Each structure stands twice: as structure tokens, then as C-alpha cells.
Amino acid sequence: MTRGPGWIEVDVDAIADNIAIVRRELGTTPLCAVVKADAYGHGVDLVLPVLMAAGVDRIGVTGNDEAHRARRLGFRGRILRLRPALREEIEDAASAHVEEWAGGLAHAREIDAAARAIGRRIGVHVSINATGLSRDGVDLHRAGGREEVSAIGGLPGVRPIGVCAHFPCEDEHDVAEGAEEFRAQSAQAVALLGAGADGPLERHCATSYAALTVPASRFDLVRIGAALYGDTSARPGLLKPALRLLSRVAALNVYSAGSTVGYDRMHRTTRTSRLAVVPLGYADGFHRVLGGRAQVLVGGRRATVVDKLAMNTLLVDVTDHPEVQVGDEVVLAGAQGADAITAQDLEAASGQIAADLYTAWGRLLPRRACGAGAA
Ligand SMILES: *Cc1c(COP(=O)(O)O)cnc(C)c1O
């Protein structure tokens, strides 16, 4: 049992099930399982064994730590980086054999320089701006864009292995249009890079949302993150959320009607109220904006966070839940009994995507695995 004020619980069976479901949906399209941001806060050390047991042979990372840990855990498949990396990161990643995301010609030159420093060519996926993210892809509409792609392919330290893009919106129409444009532009890029490539170049642009919503976006590979963890707006109900955020009631007190509650007297009781202290706050990644808005589950029922969150505590009104006692489990995200605080609930309360919250919980709080597959 984890002995902190709060912890996250990762259902490894849910991740295994989600992989199987996504694969069934995809048919024969290969999948790259995305484990960036420490597996979206779920923990590479917990998630990677599940992926390996499922035969996943390709993962996507952002930082080197994820790549090195995957290798230490015995992962022998391909590792693709999903953003442009700094020169030092590229050199440091060489021992893990990371395929780099080439974010334009100037960045590809950094990869080339790193390749010379380590003494061998580095496999790259050349990002193109076909979907209009305008973040790191070469703009093939611009005069000079084609020359840039050719120049990337001509760098001696660069070994082109793919052409990629990333969607700006989770919207079916937007993705469908972007995928069409990617079909045309990736063909151009493949033709421009082909001479420097050892084999056929892989084309890929789909995320979970795109792959599950617009089959025409799948091309040769799909990069699946959110769906593995059961947090995607594509196909509601298809996948199971794998993460819960838990704590316990630390203290319980009764305040008379008309009491003001918490910092800035944000809340005023309208009746005699029973308030539970939960020992988590904004320093634990439960954003302050959730104060007065979020709900939690205690005793299988919903209760509202009434105060403006403190650094390490929050207050829940349990006046209507007389059975609640000190020590009772509180669920701040995920299921308890028949109800669940869903990603949609958190998004409505915070105005942010749920990943903005739970990736921070993963860094800040201890984790434990549950499910039959947990070690
Ligand atoms: C995070 C990421 C993905 C995975 O996206 P999901 O929506 O989580 O499936 C794919 N590609 C890139 C470039 C990413 O950064």
C-alpha cells in the first residue's frame, strides 16, 4: 500500500485490453505505442511490460529517459521520437537507437552533426506541414520547400526512413482533409527523399483520434497514445480509462451556517455543513482552477470540492453523506463503485484537457499497478 497523501493507480489490464481493442479496429495497420511523458503519467516501468507482453514492437517517446528505460526493461523494438530533439539529446539517444523526428532543414543539420559525432547515420522521419500544424514540418507550399526536403535527404548523416505529420485538431472533417493533403504531399516528399533511403519510406500522421475516426488517415503506421490509456474522445465507451487518482479523508469537521470556507472566503455555507479535508492540493497537480468546481467520489457518491484549493489540501462538502468517516477512500479521478469521475468531468471543471492534469499527477505522486497483470 502506498503511504503518501495521494497516489495514482494504474490498471494494467485496462491497458492490455485497450491495445487489443485498438488492434482489432486497425486490422493490419502497424501501431506505434506512445509512451511520452512517462507513458502519459502512467509510468513507463508499469506500461512497457504490458506493451511487450502484447507484442508491441514499436514505441514513441519524447525524452531520452523513456527510451533508455525501455531498453533497460528489455525492449528490442523500434523507438521513434515524436518531436524535434536538441543536439545533445540526439547524441545521448544514439545508444538506445532512437529514430529522430526531423523538424525542418535546420534541425536535420543538427541530426547530421550528431551523426558525425557518434560515427554513424541516424534514421529520421521527415516532418511535413501537410496538416497545417505549422510546428515543425517543412512547408511544401512554399517555394523552396521541395529543395529543403531534398537537402534533408542529401545530408550524409541522415538516413530517411519515414515521412510524417501531426494533426492540429480532433475533428473528423479536419482530420479527413488533412489526411488527403498528407497523401499528396507525402508522395512528393517520398519521391524527393527516395534516392537516399534504404527501403520504402513509411508515411504516418494518425494519432488515436485520427486512427479510430478516419481510417484514411492510417497510411503505413499509426501513433497511438491516448487510446492505450483509455482517454480519447474518439468512439466514447470503446476503451477503458486506466488511471485513478486516490486519497483518503484526513479530517472531518462541522461548521455552522454562514461560515466562510477556505482561502479568499470563496465559499459560504448555507446550512450546518460537514467538510472533509483531503490532503491533496495544487502542488500535487490538482490545479487550483478545480476549486469550487470539481467533484470527487467518496462512499461511491459524488461530493463537491468547495474551497479554493490550497497547496496541499482541499475541502469536500460531505453534509449529505453522513456515513463518510476519517480514513475513507476518496477518488478524484476514475471509478469508485458504480460511478466515475471521467476525463470529461475533469475537462468541464478545469477547462483543460484531462491529460494536462494527469501527466502532472504522474510526475508528482506515487503510482501503483492494479489488475491481474500487475506484478
Ligand atoms: C502525442 C503524440 C501522438 C499520440 O497522440 P494521441 O492523441 O495521444 O494518440 C502521436 N504523434 C505525435 C507527434 C504526438 O506528439
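Above this text sits the structure in question.
Parameters at a glance
Residues numbered from 1 in each chain as written. Predicted model: local features only at pLDDT ≥ 70, side-chain atom pairs only at ≥ 80, totals over all residues. Heavy atoms only, no water. Buried < 20%, exposed > 50% of the residue type's maximum accessible area, 1.4 Å probe, protein only. Helix = DSSP H or I, 4+ residues; strand = E, 2+ residues; numbered from the N terminus. Pairing = 2+ DSSP bridges. Contact = heavy atoms within 4.5 Å. Axes fitted to C-alpha atoms, helices over the stretch in contact; angles between N-to-C directions. Salt bridge = Lys/Arg side-chain N within 4 Å of Asp/Glu carboxyl O. Phe/Tyr/Trp six-rings, centres within 6.5 Å; stacked < 30°, edge-to-face > 60°. Near = heavy atom within 4 Å. Polar contact = N/O pair within 3.5 Å; in protein donor to acceptor, adjacent residues only side chain to side chain. Areas by Shrake-Rupley, 256 points an atom, 1.4 Å probe, with all protein chains shown as cover. Nonpolar A, V, L, I, M, F, W, Y, C, P; charged D, E, K, R; others polar. Core = buried A, V, L, I, M, F, W, Y, C linked by side-chain atoms within 4.5 Å. Domains from an automatic or database assignment.

**Student:** Please give an account of the pairing of strand β18 (residues 329–336) that cites residues and values.
**Tutor:** For β18, a buried count of six out of eight residues is recorded, marking the element as mostly surrounded by other parts of the structure. When strand β15 (residues 295–298) meets β18, the two strands line up antiparallel, connected through two bridges. Directly across from L297, in β18, lies its bridge partner V331. Relative to strand β19 (residues 339–341), β18 runs antiparallel, the two sharing three bridges. For A335, the partnering residue across the bridge sits in β19 and is A340. Hairpin connection, β18 to β19: the antiparallel pair is bridged by two residues, and G337 has positive phi, about 60°.

**Student:** I'd love a proper account of the side chain of S186, names of residues and values included.
**Tutor:** Within the secondary structure, S186 is located in helix α8 (residues 172–193). Classification of S186 as buried rests on a relative accessible area of 0%. The residues touching S186, leaving out its near neighbours within four places in the chain, are I128, V163 and R203.

**Student:** If you had to explain the environment of A37 to someone new, which residues and values would you point to?
**Tutor:** Summarising the element assignment, A37 is placed in helix α2 (residues 36–40). Judged by its relative accessible area of 37%, A37 is partly exposed. Sequence spacing of A37 and T359 is 322 residues, and the spatial spacing of their C-alpha atoms is 6.8 Å. Dropping the residues within four chain positions of it, A37 is found in contact with T62, E66 and T359.

**Student:** Could you give an account of the sheet that holds strand β2 (residues 31–34), naming the residues involved and the relevant values?
**Tutor:** In sheet architecture, strand pairing relies on hydrogen bonds along the backbone and comes in two forms, parallel and antiparallel. Taken in spatial order, the eight strands of this open sheet run β8-β7-β6-β5-β4-β3-β2-β9, and their pairing is parallel. A single partner strand is all that each edge strand has here, and the edge strands are β8 (202–204) and β9 (222–224). With direction set aside, neighbouring strand axes in the sheet form an average angle of 30°. Here β2 runs beside β9; their pairing, made up of three bridges, is parallel. Pairing of L31 across the sheet is with V222, part of β9.

**Student:** Explain the pattern of salt bridges to me, using residue names and the numbers behind them.
**Tutor:** Summed over all chains, the structure comprises 25 salt bridges. The shortest N-O distance in the salt bridge between D38 and R69 comes to 3.0 Å. Pair noted here: D38 is in helix α2 and R69 is in helix α4 (residues 64–72), with a separation of 31 residues, a long-range link. Ionic pairing is found between D38 and R367, a salt bridge with its closest N-O pair at 3.1 Å. Note that D38 is positioned in helix α2 and R367 in strand β20 (residues 367–370), a separation of 329 residues in sequence. Within this structure, D38, D45, D65, R69 and R367 form a network of salt bridges that share partners.

**Student:** Account for the packing of aromatic side chains, naming residues and giving values.
**Tutor:** For any two aromatic rings, the description comes down to two numbers: the centre-to-centre distance and the angle of the planes. Tallied over the entire structure, the rule returns three aromatic pairs. With centroids separated by 6.3 Å and ring planes inclined at 20°, the aromatic side chains of F286 and W361 adopt a geometry described as stacked. Within this pair, whereas F286 is found in the loop between β14 (273–278) and β15, its partner W361 is found in helix α11 (residues 354–364), the two being separated by 75 residues in sequence. In this structure W361 comes out as buried when scored by relative accessible area, which is 1%.

**Student:** Account for unusual backbone geometry, with residues named and values stated.
**Tutor:** The phi dihedral of A39 falls on the positive side, at around 55°, and the residue is not glycine. Position of A39 relative to the elements: it lies in helix α2. On the basis of relative accessibility, which here comes to 0%, the residue A39 falls in the buried class. Backbone geometry at Y40 places phi at a positive 50°, although glycine is not the residue there. Here Y40 shows up in helix α2. For Y40, a relative accessible area of 12% gives the class buried.

**Student:** Give me the site of the ligand: which residues, what numbers.
**Tutor:** Neighbouring the ligand are V34, K36, Y40, L82, W101, H166, T207, S208, R223, I224, G225 and A226. A distance of 2.9 Å separates an oxygen atom of the ligand from a polar backbone atom of G225. A226 is positioned with one of its backbone polar atoms (N or O) 2.7 Å from an oxygen atom of the ligand. Calculation on the ligand without its partners gives an accessible area of 380 Å², and the protein chains cover 91% of this total. At the level of elements, α2 and β9 are the ones that each hand at least two residues to the shell around the ligand. Classifying every residue of the shell around the ligand gives six nonpolar, four polar and two charged.

**Student:** Describe in detail the nonpolar core, supporting the description with residues and values.
**Tutor:** Of all hydrophobic cores here, the largest spans 118 residues; its most connected members are V35, L51, I59, L245, F286 and W361. Residues from two domains meet in this core; each of domain 1 (12–229) and domain 2 (243–341) gives at least three. Discounting residues that sit within four places of it in the chain, V35 has contacts with V44, V47, L51, I59, G60, V61, E66 and Y229.

Worth remembering: the numbers are spatial, not functional.
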